[in-house]
Amino acid sequence: MDLGVNIDHIATLRNARMGVEPSVLEAAFVAQNAGASQITTHLREDRRHIKDEDVYLLKEELKISLNLEMAATEEMEKIALDVVPHSCCIVPEKRLEITTEGGLDVIKFEDRIKKLNDSLHSKNILVSLFIDADPAQVEAAKRTNADYIELHTGFFANAFNKGNYEKELEKLQFAASLARDLNLKVNAGHGLNYENVKLMHKIPMLYELNIGHSIISRAVFVGLDKAVKDMINLI
């Protein structure tokens, strides 16, 4: 498995004083040099952390891939087509949520998502759909011509904290196997940390994990370089 490092909360800290530090670009360079395979950022509609200029600068300066998380809106589609990141991960988004609360309902918005995917593909941007471990959603993702799914591991992470994660892990395993049978590549992320990430090895053929909050939290104590390297060693 590869590691994509989400640096949104570097921007959260920067924005706390509406200043310029810590630098999102510098954090991306540290993660890049530590061995991350890509940098992930979520450009939210309310711009609560990552800003438009961050995305453009990262695309221009990074030597590794940029993965842009975004809602399926016309505004974000226009930005993605202008930036042309390596990949886009389409996520659900609620204005008042603290963090992403669940997977994208591909079935409900299938026509819109397919049109968005086709638009992004016109610029050779790879498309991933952030979904729950639901076989029906996996099948719908395939119908939209997505390249990847990213399995939402938040329910698994919550169950792990309670000591009863087996059922959630089984759901992830089944969804990953189905996706691979449908020729979809499989990523995973949300709520993964230095304690539970080892169980991702039990999910067949995961390509990449996208992890942010736990890495940035650990970096407060050990530094970002070591935090990234420690996670890479675990996965």
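None of the values given here were measured: they were computed from a predicted structure.

Draft legend 1. Expanded view of helix H1 (residues 8-15). The complete set of buried residues in H1 reads Asp-8, Ile-10, Ala-11, Arg-14 and Asn-15. Viewed along the axis of H1, the buried residues span an arc of 160 degrees, placing them on a single side of the element. Against the buried residues of H1 lie strand S1 (2-6), helix H2 (24-34), strand S2 (38-42), helix H3 (52-61) and helix H9 (213-222).

Draft legend 2. Spatial organisation of the nonpolar core. By size, the foremost hydrophobic cluster in this structure holds 71 residues, and its most contacted members are Leu-129 and Ile-215. Those residues in contact with Leu-129 that lie beyond four places of it in its chain are Ile-90, Leu-104, Val-106, Ile-113, Asn-117, Ala-141, Thr-144, Ala-146, Tyr-148, Ile-149 and Glu-150.

Draft legend 3. Unusual backbone geometry, seen in detail. Omega for the peptide link from Glu-21 to Pro-22 comes to 0 degrees, which places this bond in the cis form. Tracing the backbone shows Pro-22 in the loop between H1 and H2. A positive phi angle is found at Asn-124, which is not glycine, with a value near 60 degrees. Tracing the chain through its elements places Asn-124 in the loop between helix H5 (110-121) and strand S5 (126-131). Residue Asn-124 is classed as exposed on the basis of its relative accessible area, which comes to 69%. We note that His-190 has phi near 110 degrees; this positive angle belongs to a residue other than glycine.

Draft legend 4. Quick look at the pattern of salt bridges. Per the counting criterion, the structure on display carries 11 salt bridges. With a shortest N-O distance of 3.2 Å, Arg-48 and Asp-46 are connected by a salt bridge. Note that Lys-114 is salt-bridged to Asp-118, the shortest N-O span being 3.1 Å. In this pair, Lys-114 and Asp-118 are both assigned in helix H5, 4 residues apart and thus about one turn of the helix distant. Linked through salt bridges whose partners overlap, the residues forming this network are Arg-47, Asp-52 and Glu-75.

Draft legend 5. Inspection of the side chain of Ser-128 at higher detail. Mapped onto the elements of the fold, Ser-128 is located in strand S5. Setting aside residues up to four positions removed in sequence, Ser-128 forms contacts with Cys-88, Cys-89, Ile-90, Tyr-148, Ile-149 and Glu-150.

Rules and cut-offs
- Residues numbered from 1 in each chain as written.
- Predicted model: local features only at pLDDT ≥ 70, side-chain atom pairs only at ≥ 80, totals over all residues.
- Heavy atoms only, no water.
- Buried < 20%, exposed > 50% of the residue type's maximum accessible area, 1.4 Å probe, protein only.
- Helix = DSSP H or I, 4+ residues; strand = E, 2+ residues; numbered from the N terminus.
- Arc of directions from axis to C-beta.
- Contact = heavy atoms within 4.5 Å.
- Core = buried A, V, L, I, M, F, W, Y, C linked by side-chain atoms within 4.5 Å.
- Salt bridge = Lys/Arg side-chain N within 4 Å of Asp/Glu carboxyl O.

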